[in-house]
Amino acid sequence: MAKTKIAYFCQSCGFEAAKWLGKCPSCQQWNTFVEELLEKPNTAVPNWKAGSTSLQRANKPVPVDAIEFDEEHRILTPDQEFNRVLGGGIVAGSLVLIGGEPGIGKSTLMLQLALNMPNMKVLYVSGEESERQIKMRAERLTTPHPSGGGACFILTETSTQNIFKQIEELQPDLVIVDSIQTLHSAHIESTPGSVSQVRECTAELLRFAKESATPVFLIGHITKDGMIAGPKILEHMVDTVLQFEGDRHHVYRILRTIKNRFGSASELGIYEMQGEGLREVSNPSEILLSQRDEALSGITISVTLEGMRPMLIETQALVSVSPYGTPQRTATGFDTRRMSMLLAVLEKRCGFKLGIKDVFLNITGGIRVEDPAIDLGLAVAIVSSHEDIPIPFKVCFAGEIGLSGEIRAVNRIEQRIAEAQKLGFEQIFISKYNLPSSAQDKKRIDLSRYNITIKAVSTIEEVFGILFG
């Protein structure tokens, strides 16, 4: 006989309670608890392979010096952006979760990966689409198929027990599940997509990945209202969490690392959505800079850093007289509170009367930037629009602005300067505190090797004096 119990789960964050609660103590949401009937089998045998752990030896404590460590073997994919986000490739036995809004392109990315893995047998499990629908999408993807003997198998199934039977017969090298919300286990008496089903199915796939050293990719959905348990509940169970972001009305998508046990958690990859699938964008600076025939006021180029990757982005500002009593403050792709701080610094330290003006900021390309190094570029764009004086084409900025109007140093300044030089910029404004001061720093940082004019400034007034006279 199987043991059954009743538990209450928060449909917003997945918090489990023994009784119904009006307010979730974890996410502070009201009326989100639902009752679910749980059923656990008595046997200790895992669901995916009978008898695999019946004779396992109990683990014992081991001194850390006695543990042998070998560099993990990574599987390289044909997608260089995907390799970058994963930290250098797919780790054997890893469980990777890819989340994102419906229709953003998660299934396209994973099917494109499954069709192009060389010398690998890939099983693509779909619980949402039929075989004909997946075939139509595969025909649309015009990426070349591997010539090294790889193969992609499609399985339309939602029962984890049946999926593991097919896995045992096929012995794939890579498993992709689309999506985790559609799977259900016979050991849990609740509907697919519920918190308990998502947790149990993920636990079964986790045991399979670790015991068979087969990498598994899970696709998870996030609804607009956030009431159905999405990838947030699974972040503590999986090894890597990737977030697929972007506006469906724009062609560019960003694959961002949220959690990674095998590499950096601050990497991102950029793709362009086309009719034939997703195309890698190896140089994002070129797509984020618009080609203009004439100089316009309120437009500057800032050097930002996303993870370990430097990028040049176009920062735009529009300052106009407010026709209403209360001026508007709107920022797209930038923190509105930080914009208010920059406006206060410009008014207090530099004397610009912006309190009665409407101010609009925009980061082009549909991306969101949190790097404080774009402060200087945004401040110059605001003053350029206010004074209606355009900034020269080949000038870019990288500096953080403090409350007293000083230009603070930013990290990885050499990478930022090298990226600006590579794209043909002639002048870059940085903080003078980024310059090497001691003899040891001069040996470590040599800015003289760059063929670009470096303007080292200490205050924002000094920048305006150089640009606007």
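S.K.: How do you make sense of the pattern of salt bridges when you look at a structure like this?
M.R.: If the charged atoms of two oppositely charged side chains come close together, the side chains can form a pair. Evaluated as defined, the whole model comprises 17 salt bridges. Of the charged contacts, one joins Arg309 and Glu81 as a salt bridge, the two residues approaching to 2.8 Å between their closest N and O atoms. A residue pair is termed long-range when its members are at least 10 positions apart, and Arg309 in strand S17 (residues 309-321) and Glu81 in helix H1 (residues 80-86) qualify at 228 residues. Per residue, the accessibility class of Arg309 equals that of Glu81, and both read buried. In this structure, Lys422 engages Glu419 in a salt bridge whose closest nitrogen and oxygen atoms are separated by 3.3 Å. Taken together, the positions of Lys422 and Glu419, both in helix H9 (residues 413-422) and three residues apart, correspond to about one turn of that helix. The class of Lys422 is exposed, set by a relative accessible area of 57%.

S.K.: For this particular structure, what's the right way to read the sheet that holds strand S19 (residues 357-363)?
M.R.: Strand pairing within a sheet occurs via backbone hydrogen bonds; the two strands may be parallel or antiparallel. Spatial ordering of the open sheet is given by S18-S19-S17-S16-S20-S23-S24, a layout of seven strands whose pairing is mixed. In this open sheet, the two edge strands, each paired with only one partner strand, are strand S18 (329-332) and strand S24 (453-457). Neighbour-to-neighbour, the strand axes of this sheet turn through a mean angle of 25 degrees, independent of strand direction. When S17 meets S19, the two strands line up antiparallel, connected through seven bridges. Directly across from Leu318, in S19, lies its bridge partner Phe360. Its contacts with the sheet place helix H7 (residues 336-349) against S18 and S19, and it is angled at close to 125 degrees to S18. Against the sheet, helix H11 (residues 460-468) makes contact with strand S20 (395-397), strand S23 (427-431) and S24, and its axis sits at roughly 135 degrees relative to S24, the strand it touches most.

S.K.: Is there a simple way to think about unusual backbone geometry in this case?
M.R.: What you tend to see is this: most non-glycine residues have negative phi, and most peptide bonds are trans. With an omega dihedral of 0 degrees, the bond running from Asp178 to Ser179 counts as a cis peptide bond. Tracing the sequence through the fold places Ser179 in the loop between strand S9 (174-178) and strand S10 (188-189). Positioned with a positive phi, Gln28 is a non-glycine residue whose angle comes to about 65 degrees. Mapped onto the elements of the fold, Gln28 is located in the loop between strand S2 (16-17) and strand S3 (33-40). Notably, Gln171 is not glycine yet its phi reads approximately 55 degrees, a positive angle. With respect to the element layout, Gln171 can be found in the loop between helix H4 (160-170) and S9.

Cut-off values and rules
- Residues numbered from 1 in each chain as written.
- Predicted model: local features only at pLDDT ≥ 70, side-chain atom pairs only at ≥ 80, totals over all residues.
- Heavy atoms only, no water.
- Salt bridge = Lys/Arg side-chain N within 4 Å of Asp/Glu carboxyl O.
- Helix = DSSP H or I, 4+ residues; strand = E, 2+ residues; numbered from the N terminus.
- Buried < 20%, exposed > 50% of the residue type's maximum accessible area, 1.4 Å probe, protein only.
- Pairing = 2+ DSSP bridges.
- Axes fitted to C-alpha atoms, helices over the stretch in contact; angles between N-to-C directions.
- Contact = heavy atoms within 4.5 Å.

Limitation: the analysis is restricted to geometry and does not speak to function.
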